[in-house]
Amino acid sequence: MELKDKVVVITGAGSGIGEAMARRMSQESPRGLVLADIEEAGIIRLSDELGATPLTVDVSSEADNQRLVDTAGQLFGPIDLFCANAGIGFLGDEQTEASEWERMWQVNTMSHVYAARYLIPNWLSRGEGYFLSTASAAGLLTNLKAAQYSVTKHAAVAFSEWMAVTYGDRGVKVSCLCPMGVDTPLLDVDSDFRKLLEPDAIPAPAVAEAVVEGIRAEKFLILPHPEVERYIQNKANDYDRWIGGMQKLQRSVFPD
């Protein structure tokens, strides 16, 4: 898929990977570029710079997802590419409050479901459409000290897989972006989060470039960190050995 003359929507576009994708995709001359974020100031600034359209959206709200899809369609016509990029991350485990589990579930997983609910019917009738899910390598492997993040990102990957299997032969394309550490504000959520991810962190523009290349090739898994593919293979080849290796990694990174 080429992005020239396409209508593109990006959630979580105010900073980090979303901002980098907006900057990179604007270079492809889309017909319409809609930047959505819960923080208004960032997307207004970026939209003014790029000539895009800002929209303040809470992706955890089904109604806001519907409004986003409807508004983009009213302004530019049918959406060609929807980038479900918004996400949150913080450390936690089974003791974390249920409300915090629910919050991350709504943002990291259900926002993709809500968006698809209003995109898929139109795409099926058109015979084309493209959904990009920003998940994480944690959704293919795991993330130490971050139970909710790992679980909700696994679910995002699973939903992307399901859409690709269910609708892929009816014109709906799906890509799932699964980076490891990226140098974005997410790393500053917690010092342990930064300690774990910073050694392999890459700049957000490198992720955005991988996204454009992956969409052009219509690849399902987009892996800006090539080593993730090897880690997935190691996990699949010997699950118990992989778990043992992750236990050793956790003891070395978080000895307490």
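Whatever comes next refers back to the structure up there.
These figures come from a predicted structure and were not determined experimentally. Counting from 1, residues in each chain are numbered in the order their sequence is written. Whole-chain, interface and lining totals are the exception, using all residues; otherwise, since this is a predicted model, local features are given only for residues with pLDDT of at least 70 and side-chain atom pairs are given and counted only at 80 or more. Neither water nor hydrogens contribute to the side-chain values; these are computed over all heavy atoms in the structure.

A. Structural detail: the side chain of Gln-106. Here a strand is any run of E in DSSP of at least two residues, a helix any run of H or I of at least four, and the numbering for each starts at the N terminus. Of note, Gln-106 is situated in helix H4 (residues 98–126). Within polar-contact distance, the side chain of Gln-106 engages the side chain of Tyr-114 at 3.0 Å. In contact with Gln-106, other than residues within four places in its own chain, are Val-59, Ser-60, Ser-111 and Tyr-114. For this analysis, a polar contact is any N or O atom pair within 3.5 Å, provided that within protein one partner can donate a hydrogen and the other can accept it, and provided that sequence-adjacent residues contribute only side-chain to side-chain pairs. The contact criterion used is simple: two residues touch if any of their non-hydrogen atoms lie within 4.5 Å.

B. A look at the pairing of strand S6 (residues 172–177). Three labels apply to residues, based on accessible area from a 1.4 Å probe with only protein chains included: buried if under 20% of the type maximum, exposed if over 50%, partly exposed otherwise in between. Of all six residues in S6, five are buried, a share of seventy percent or more. Two strands are counted as paired when DSSP detects at least two bridges linking them. Inspection of the sheet shows strand S5 (residues 129–134) paired to S6 by six bridges, in the parallel sense. Within the sheet, the bridge partner assigned to Phe-131 lies in S6 and is Val-174. For the handedness criterion, the β-α-β arrangement of S5, helix H5 (residues 147–167) and S6 is classed as right-handed. Here S6 pairs with strand S9 (residues 221–222) via two bridges, running parallel. Residue pairing across strands places Leu-177 opposite Ile-222, the latter belonging to S9. Look down the strands so they point away from you; if the path from the first strand over the helix to the second goes clockwise, the crossover is right-handed.

C. Structural detail: the nonpolar core. Residues grouped as a nonpolar core are buried Ala, Val, Leu, Ile, Met, Phe, Trp, Tyr and Cys residues, joined through side-chain atoms within 4.5 Å. Core analysis: the biggest nonpolar cluster contains 35 residues, and Leu-68, Ile-79, Phe-82, Leu-119, Trp-123, Phe-131 and Met-163 have the highest contact counts within it. Within the residue set of this core, elements represented by two or more residues are strand S1 (7–11), strand S2 (32–37), helix H3 (62–76), strand S4 (81–84), H4, H5 and S6. The element best represented in this core is H4, accounting for 10 residues. The contact partners of Trp-123, leaving out residues within four places of it in the chain, are Ile-79, Asp-80, Phe-82, Glu-128, Gly-129, Tyr-130, Phe-131 and Val-172. Of all hydrophobic cores here, the second largest spans 30 residues; its members include Val-8, Leu-33, Ile-43 and Ala-210.

D. Quick look at the packing of aromatic side chains. Put simply, two rings from Phe, Tyr or Trp (the six-membered ring, in Trp's case) pair if the centres are within 6.5 Å, and we call them stacked under 30 degrees between planes, edge-to-face over 60, tilted for the rest. Inspection of every chain in the model, using the stated rule, returns four aromatic pairs. Where Phe-159 meets Trp-162, the ring centres are 6.2 Å apart and the plane angle is 10°; that geometry is what we call stacked. Residue Phe-159 and its partner Trp-162 are both found in helix H5; the two are separated by three residues, about one turn of the helix. For Phe-159, a relative accessible area of 17% corresponds to the buried category.

E. Representation of the side chain of Gln-148 within the structure. Along the polypeptide, Gln-148 turns up in helix H5. Apart from the residues within four sequence positions on either side, Gln-148 is in contact with Phe-90, Leu-91, Gly-92, Asp-93, Thr-96, Trp-101 and Met-104.

F. Molecular detail of the environment of Glu-229. Within the secondary structure layout, Glu-229 lies in helix H8 (residues 227–237). Here Glu-229 falls in the partly exposed class, since its relative accessible area comes to 46%. The sequence separation of Glu-229 and Leu-140 amounts to 89 residues, and the corresponding C-alpha distance is 9.5 Å.

G. Looking closely at helix H2 (residues 40–50). By the burial criterion, the buried members of H2 are Gly-42, Ile-43, Leu-46 and Ser-47. With its buried residues spanning 120° around the axis, H2 presents them on a single face. Pointing more than 90 degrees away from the buried face of H2 are the exposed residues Ala-41 and Asp-48. Turning to H2, the residues buried within the fold contact helix H1 (16–26), S2 and strand S3 (53–56). Positive backbone phi, at 75°, marks Gly-51, one or two positions downstream of H2. By arc we mean the arc of the directions from the helix axis to the C-beta atoms, nothing more.

H. Main features of the sheet that holds S2. Pairing in this open sheet of seven strands is parallel, and the strands run S3-S2-S1-S4-S5-S6-S9 from one edge to the other. The two strands at the open ends of the sheet, each matched to only one other strand, are S3 and S9. Geometry is summarised by axes, namely lines fitted to C-alpha atoms with helices restricted to the contacting stretch, and by angles between N-to-C directions that run from 0 to 180 degrees. Across the sheet, H4 lies against S4, S5 and S6, angled at about 165° from S5, the strand it touches most.

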